Structures are given as C-alpha cells and as structure tokens.
Amino acid sequence: MRGAWAPVFFLLAALAAVARLGLASPQQPPAPASQDSVDAQPYVWNLPKGFPKPRVPAANPITPDKVQLGRYLFYDARISANGTESCATCHRQELAFTDGKARSVGATGQLHPRGSMSLVNVAYGAALTWSDPDDRLLEEQALTPMFNTAPIEMGADREALTRLIQSDPLYAKLFHKAFPDDSAPFTIGNVVRAIASFERTIISASSPYDRYHYGGDDKAISDSAKRGEILFFSEPLSCFRCHGGFNFSDATDSDGRQQGEVQFHNTGLYNLAGALSYPAPNLGIYEQTSQPKDVGKFKAPTLRNIALTAPYMHDGSIVSLDGVLDHYSAGGRTIADAPFAGDGSRNPNKDRLIRGFKLTQQDRADLIAFLESLTDDQVIHDPRFASPWPATETKTAR
C-alpha cells in the first residue's frame, strides 16, 4: 500500500462501492427519437441514470427533425468558402469530435491559435470555448466558425449559404420539416438552430467507467483503473476539483441548475517574463476581461474520451497523458529554452489547487488506466452521429 495514503485509499474505495450500489442501473446509450419523424414531435433524451437533462433554450426547442437537419449541415463542406471544410473537419467522430491537431487549420490553410475542443457532451457545457466566459449558447457559438475572419475557419458567405439551402432539393424538404411554422425557413438563424440541436444530442455515457460506476459492473474496468479512480479523487492529487461530476469538468451546466460564474484556471503551463506570463494570443480569459489576474486562465474541459483527444491543453503543447501527469505532478511546467522559457510552477496567477504531488510508476499507470476507462467506444461509432450523406454523394471533407 502507500503508507500514509492507506486509510484514504480504503475509505474512498468503500464510498465508491456504496455509490455504485445505490446508482446501479443498466447502462444504455442515449437514443434519440426516430430521425424519420414527420411531425414536430418533442425530442426524447432517454438519458441514463446519473445524467441530468441538458439545458435547451426556449427559443430553440429540440425536435428530431431539427436534429436530422443539423446532422446534414454539420457534415456539409459546401458551407465553407471553398468547399473544403465542414464542421466535421475539426470535429471528427472517431476522435471524440476533435481533430487530433495541436492547433486547428481553417479552410484557407490559416493556423488557428488553439485546438478544437471536443463536442462530446457539449450540451452540458457552461462555457463552450477555451477562454470566453460569455460564450454559452451553441446557437451563437456556431456563427463564429462559419463567419469569423480572424482567423478564418470555414470562411462561409451568408448569401452563398442562403442560396445553398434554398436550392438544394434535400434541404428544401428538411428545413420545412424542421421549422413547420416558419413560412420562410431558409435563414442563417435556422441553420445554427439545427446544428446546435444536433450537437446537443452527442452525449457520451457508455464508457467502461460508466458501466462500472453507474451500472454496477465490477468487471467493466481493470483493477489498475480502480486504483486510478481512488488516486483521481484523493486530496493529494485533487484532480476532481476541476474535473469532477458526471461530466468530469467544473464548467458544467444542465436543465434546472442555477447558472453561476464559470471557473477558469491557470495551471502553470507557462511563466514568461514580463507583464503577460502566457504567450500571445493565448492569454486566457484576460482576452475578454483585460484583468491581469486572468492571464492564463482557461476552461477545464471534460475528461470523457480524453485518451482520444490528444494533444492536450489549449494549444496542444503536451502530446500525451504521460506528459500531462508530468505537468501536474510538478505543480506547473518548466520550459528551459526560449522563446517560452520559464517556471510555470511560479506563475503568479496559478490556481491554488495546482500544488504538485508525487507519483510512483504504478500510480502513474493506474491514473492513465482510469483515464482510458472514460473512453466511450459507442459514441465514436454510433451511426446517429456519423455523416448522413451517401458515400456516392459525400459532402464532407477531411
């Protein structure tokens, strides 16, 4: 055992076992209502135990027909300026709806300052991007990648997009089904309402850890992962302080939950000399607040499917989970060479929870086994989230 950690280990193990017994429920993936719905029927979430209903804005009630339309739009590269990128280019299903790049690349080849965040469980996001506390509504956020010019992401043109959805025979049918009370449904507003509706359905709840923790299947994860769970929720490490709850993120929202201030964290990734301790343009929520105390503060993303979403951190500067553990166990990253030289553990804005800790090789292996147990194989293969376009008529780009 681990000496002084032994009492903590056994206590937390007992509590985890009790929680699993109390929440035992067969784990099933969330299933939407039929994609072939003719009427504007309400969407059926069919959420597993332990997962609250997502918050859906009253101005955009979710329906199966909106979800169906949004799925087609999500995978349609014709929306981009040159027909090379769809939403799915930066949010690939097999990578838990990320793109596997340290920093994303736009339709014109422009390198973006940050990496694409996972869209898995984005319905539960209290904030939707790395460093904007006010970016909370999917319908509004979707406008940024489509029409932003600094940097260019999809580079879409509003008039060209409107012509596309008006002239495409399939869209002519789908828009009228999704918005039956709208006499003129072919609008940019309805485009983002549909895309947001589809994105809200991408829910991950069927990982081995879910089957173990919520479903009571003691064999769903390895003994190593079970030990890693104890470490993860232990005070010496305090991983759960920023990555807790059913979605493993403190930036989590749901229907009926009181909306409060979203927490952003400086983890000591950098400590440059001068007034700004993080390299521009990635200055954290300082970009929005202009408050020096906010330099380097970013959202704590969900850890669900984390094994699929490398490289890590907002700028993809840590390539592996092993490297992430190096960073946090040191209490911050030290970079010896210019241009980013500095001791991140001494960053004046570093979160007080980032204190550093010691790990044995076994501890390290156990933590990684636990994180890998959060991978949901169903969500990355579910045909409901895949491109709906026929292979002979693909509108997607890679």
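The preceding data block contains the structure.
Chemist: Summarise the overall build of the chain; cite the residues concerned and give the values.
Modeler: What the chain contains, in helices and strands, is 14 helices and four strands. Sequence-distant contacts, at least 24 apart, represent 67% of the contacts inside the chain between residues at least 6 apart. Split by element, the accessible area of the chain, about 17500 Å² in all, is 54% carbon and sulfur.

Chemist: I'd like a rundown of the nonpolar core, residues and numbers included.
Modeler: Within the largest apolar cluster, 51 residues are counted, with the highest numbers of intra-cluster contacts made by L69, L73, M146, L161, Y171 and F175. Among the elements of the structure, α2 (64-74), α3 (87-90), α5 (143-147), α6 (158-167), α7 (169-178), α8 (188-200) and α14 (377-381) are those that each provide at least two residues to this core. Ignoring any residue separated from it by four or fewer positions in sequence, one finds M146 in contact with I79, M154, G155, A156, L161, V191 and V192. Listed in part, the 36 residues of the second largest apolar core include W130, Y212, L231 and L374.

Chemist: Can you explain the environment of S197? Please cite residues and give values.
Modeler: Here S197 is to be found in helix α8. For S197, a relative accessible area of 1% translates into the label buried. For the pair formed by S197 and N60, sequence separation is 137 residues and the distance between their alpha carbons is 8.1 Å. Not counting residues within four places of it along the chain, the set of residues in contact with S197 comprises N60, I62, K66 and V67.

Chemist: Tell me about α8, and name the residues and values.
Modeler: Its 13 residues give α8 an end-to-end C-alpha distance of 18 Å, which sits within 8% of 18 Å, the value for a rise of 1.5 Å per residue. The element α8 is extensively covered by neighbouring structure, given that eleven of its 13 residues are classed as buried. Of the residues making up α8, those classed as buried are I188, N190, V191, V192, A194, I195, A196, S197, F198, E199 and R200. Here the buried face of α8 lies against α2, α3, α4 (138-141), α5, α6 and α7.

Chemist: For the packing of aromatic side chains, give the residues involved together with the corresponding values.
Modeler: Counted by the stated rule, this structure contains 25 aromatic pairs. Centroid distance F51 to F246: 5.1 Å. Interplanar angle 65°. Geometry classified as edge-to-face. Of this pair, F51 sits in the loop between α1 (6-22) and α2 while F246 sits in the loop between α10 (223-232) and β1 (264-265), and the two are 195 residues apart along the sequence. Look at Y209 and F248: their rings are 5.9 Å apart centre to centre, the planes differ by 70°, and that puts the pair in the edge-to-face class. Of this pair, Y209 sits in helix α9 (residues 208-213) while F248 sits in the loop between α10 and β1; the two residues are 39 residues apart in sequence, bridging distant segments of the chain. Owing to a relative accessible area of 3%, Y209 belongs among the buried residues under this scheme. Ring pairs connect the aromatic residues Y209, Y212, F232, F233, F240, F248 and F370, which therefore count as one cluster. R158 extends its terminal NZ or CZ atom over the ring of F147, reaching a point 4.3 Å from the ring centre. The positively charged end of R333 is found above the aromatic ring belonging to Y270, 4.8 Å away from the centroid.

Chemist: Please provide a residue-by-residue account of the packing of α2 against α8, values included.
Modeler: Across the interface, α2 lies against α8 with an axial gap of 7 Å and an inter-helix angle of 100°. One way to sum up the angle between α2 and α8 is to call them roughly perpendicular. In contact with K66, V67, L69, G70, R71, L73 and F74 of α2, α8 contributes V191, A194, I195, S197, F198 and E199. Counted by class, the contact of α2 with α8 contains eight nonpolar, two polar and three charged residues.

About the cut-offs
- Residues numbered from 1 in each chain as written.
- Predicted model: local features only at pLDDT ≥ 70, side-chain atom pairs only at ≥ 80, totals over all residues.
- Heavy atoms only, no water.
- Helix = DSSP H or I, 4+ residues; strand = E, 2+ residues; numbered from the N terminus.
- Contact = heavy atoms within 4.5 Å.
- Areas by Shrake-Rupley, 256 points an atom, 1.4 Å probe, with all protein chains shown as cover.
- Core = buried A, V, L, I, M, F, W, Y, C linked by side-chain atoms within 4.5 Å.
- Buried < 20%, exposed > 50% of the residue type's maximum accessible area, 1.4 Å probe, protein only.
- Expected span 1.5 Å × (residues − 1).
- Phe/Tyr/Trp six-rings, centres within 6.5 Å; stacked < 30°, edge-to-face > 60°.
- Lys NZ or Arg CZ within 6 Å of the ring centre and 35° of its normal.
- Axes fitted to C-alpha atoms, helices over the stretch in contact; angles between N-to-C directions.
- Parallel < 35°, antiparallel > 145°, perpendicular 65-115°, else oblique.
- Nonpolar A, V, L, I, M, F, W, Y, C, P; charged D, E, K, R; others polar.

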